[in-house]
Amino acid sequence: MTVQPQQQPHAPNGHGDLGLLSIFFPMWNEEAYLHRALDAAREVCEQLVGAGEISGFELIVVDDASTDATGRLADELAAADPRVRVVHHATNRKLGGRSRAGSRLPAGTWCCTPTPTCRSR
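These numbers were taken from a predicted model, which means no experiment stands behind them.

Enquirer: Help me understand the packing of helix 1 (residues 31–50) against helix 2 (residues 70–80), please; the structure alone is not making it clear to me.
Expert: Two quantities define a packed helix pair, namely the angle between the helix axes and the distance between the axes. Close contact between helix 1 and helix 2 brings their axes to 9 Å; oriented N to C, the two are set at 25°. As far as their axial angle goes, helix 2 and helix 1 are roughly parallel. Judged by the sense of rotation from one axis to the other, the crossing of helix 1 with helix 2 is right-handed. Here Glu31, Leu34, His35 and Leu38 of helix 1 come into contact with helix 2, specifically with Thr70, Leu73, Ala74 and Leu77. For the contact of helix 1 with helix 2, the residue count by class is five nonpolar, two polar and one charged.

Enquirer: Looking at this model, I keep getting lost on helix 1. Mind explaining?
Expert: Under the 1.5 Å per step criterion, the end-to-end length of helix 1 is 29 Å for 20 residues, consistent within 8% with the ideal 28 Å. Residues of helix 1 that are buried include every one of Tyr33, Leu34, Ala37, Leu38, Ala41, Arg42 and Cys45, and no others. In a view along the axis of helix 1, the buried residues occupy a sector of 155°, so they form one face of it. Exposed and facing more than 90 degrees away from the buried side of helix 1 are Ala32 and Gly50. Looking at the buried side of helix 1, the elements it contacts are strand 2 (20–27), strand 3 (56–64), helix 2 and strand 4 (84–89).

Scoring rules and cut-offs
- Counting starts from 1 at the beginning of each chain's written sequence and moves along it residue by residue.
- Owing to the predicted nature of the model, reporting of local features is limited to residues with pLDDT of at least 70; listing and counting of side-chain atom pairs is limited to 80 or more, with chain, interface and lining totals taken over all residues.
- Side-chain measures here rest on the full set of heavy atoms in the structure, leaving out hydrogens and waters.
- In this description, a line fitted to the C-alpha atoms serves as the axis of each element, helices being fitted only across the stretch in contact, and the angle between N-to-C directions of two axes falls anywhere from 0 to 180 degrees.
- Strands are runs of DSSP state E lasting at least 2 residues, helices are runs of H or I lasting at least 4, and numbering of each runs from the N terminus.
- Note on terminology: angles under 35 degrees are roughly parallel, angles over 145 are roughly antiparallel, angles of 65 to 115 are roughly perpendicular, and the others are oblique.
- By convention, the crossing between two helices is left-handed when the near helix turns anticlockwise from the far helix through less than a right angle, and right-handed when the turn is clockwise.
- The criterion used for residue contact is that any of the two residues' heavy atoms lie within 4.5 Å.
- Gly is put with the polar residues, along with every residue not named as nonpolar or charged; the nonpolar set is Ala, Val, Leu, Ile, Met, Phe, Trp, Tyr, Cys and Pro, and the charged set is Asp, Glu, Lys and Arg.
- Expected helix span is computed as 1.5 Å times (number of residues minus one).
- Only protein chains enter the accessibility calculation, which uses a 1.4 Å probe; a residue whose area is less than 20% of its type maximum is buried, one above 50% is exposed, and one in between is partly exposed.
- By arc we mean the arc of the directions from the helix axis to the C-beta atoms, nothing more.

Functional significance is not addressed by these values, which are geometric in nature.
Below is the structure:
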């Protein structure tokens, strides 16, 4: 997982609340993986909020013109949880394009994205 600060963290000494965490998921035809990925991220983020490590989080799905149900499923998750946002590409931009698009969207102080090798099936 790659983590990059979007701006100066609220707690430069590394202790306490580091602000909002944004995690974006570049996806293409990931209907089998989508729920598991967002559920795992939500669980960890809720633990971080509970521990006072972050003030909140957002989960961003970049649907890269999927031909399966990825876009619809992501929209359903976003409708059920205001911390989930979805961006749909009309044409497939490949991994680099969806990663670049996702890296411009976060509102958080910190941003990360799981790498494709983070998945376990």
